[in-house]
Amino acid sequence: MDNYGHLSIRPRRQRKYRLSKSRAIAQFCLGCAGDSAKEVTLCHSFDCPLWEWRTGGHVSNAGYKRRMATALKNHSDELAELAAMGVEIAHFQP
Ligand code: SF4
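Residues numbered from 1 in each chain as written. Predicted model: local features only at pLDDT ≥ 70, side-chain atom pairs only at ≥ 80, totals over all residues.

1. Quick look at the overall build of the protein chain
Going by this rule: Each helix is a run of DSSP H or I of at least 4 residues and each strand a run of E of at least 2, with the numbering of both proceeding from the N terminus. Neighbour counting defines burial: a residue surrounded by 20 or more other C-beta atoms within 10 Å of its own C-beta is buried, one with 12 or fewer is exposed, and intermediate counts give partly exposed, using backbone-placed C-beta atoms. The contact criterion used is a C-beta to C-beta distance within 7 Å, with each C-beta placed from the backbone.
In terms of helices and strands, the protein chain carries 4 helices and 0 strands. Put simply, the protein chain runs from its N terminus to its C terminus through helices and strands in the order α-α-α-α. Put simply, the protein chain has 94 residues, and 10% of those count as buried. In the protein chain, once contacts between residues fewer than 6 apart in sequence are set aside, the share between residues at least 24 apart is 48%.

So, in structure tokens, the structure goes:
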């Protein structure tokens, strides 16, 4: 039993922060992309082993599809630049 000295009540336990694999990958990708969620979304390092999981879920998930639909709509200029650089934009399509 812990000794809490003069305290009459036991302090509440701290909630454990659970780091899932997908959350860990998303955090890693954020660090890689300079803390920019947009850069993670538009990451075109297709050969990176984390690419399919970069947004915190697999590319087959509905969340990814929604995120990419929003990105394709909101960041069309950046995507056009990427396409001009020769990046295969079809990779982003879910
Ligand atoms: S998929 Fe790879 S290159 Fe792209 S942000 Fe994540 S770690 Fe970096």
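2. Comments concerning the site of the ligand
The criterion, for reference: Any residue qualifies as near a molecule or strand once its backbone-derived C-beta atom lies within 6 Å of it. Gly falls in the polar group here, along with every residue not listed as nonpolar (Ala, Val, Leu, Ile, Met, Phe, Trp, Tyr, Cys, Pro) or charged (Asp, Glu, Lys, Arg).
Around the ligand lies a shell formed by F28, C29, C32, A33, V40, C43, S45, C48, L50, W51 and R54. Take the shell around the ligand: its biggest share by element is 3 residues, from helix α1 (residues 21-32). Of the residues in the shell around the ligand, the class split is 9 nonpolar, 1 polar and 1 charged.

3. Considering unusual backbone geometry
The phi dihedral of D35 is positive, around 60°, even though this residue is not glycine. By secondary structure assignment, the location of D35 is in the loop between α1 and α2 (37-41).

4. A closer look at helix α4 (residues 76-84)
With 0 of 9 residues buried, α4 is to be regarded as a mostly surface element. Positioned one or two residues after α4, G86 has a phi angle of 100°, which is positive.

5. Section: the confidence of the model for the protein chain
Basically, it comes down to this: Per-residue confidence from the predictor is given as pLDDT, running between 0 and 100.
Overall, the predicted model of the protein chain reaches an average pLDDT of 86, with 84% of residues at or above 70. Put simply, helix α3 (residues 62-74) is where the protein chain has its lowest mean pLDDT, 92, and α2 is where it has its highest, 94.

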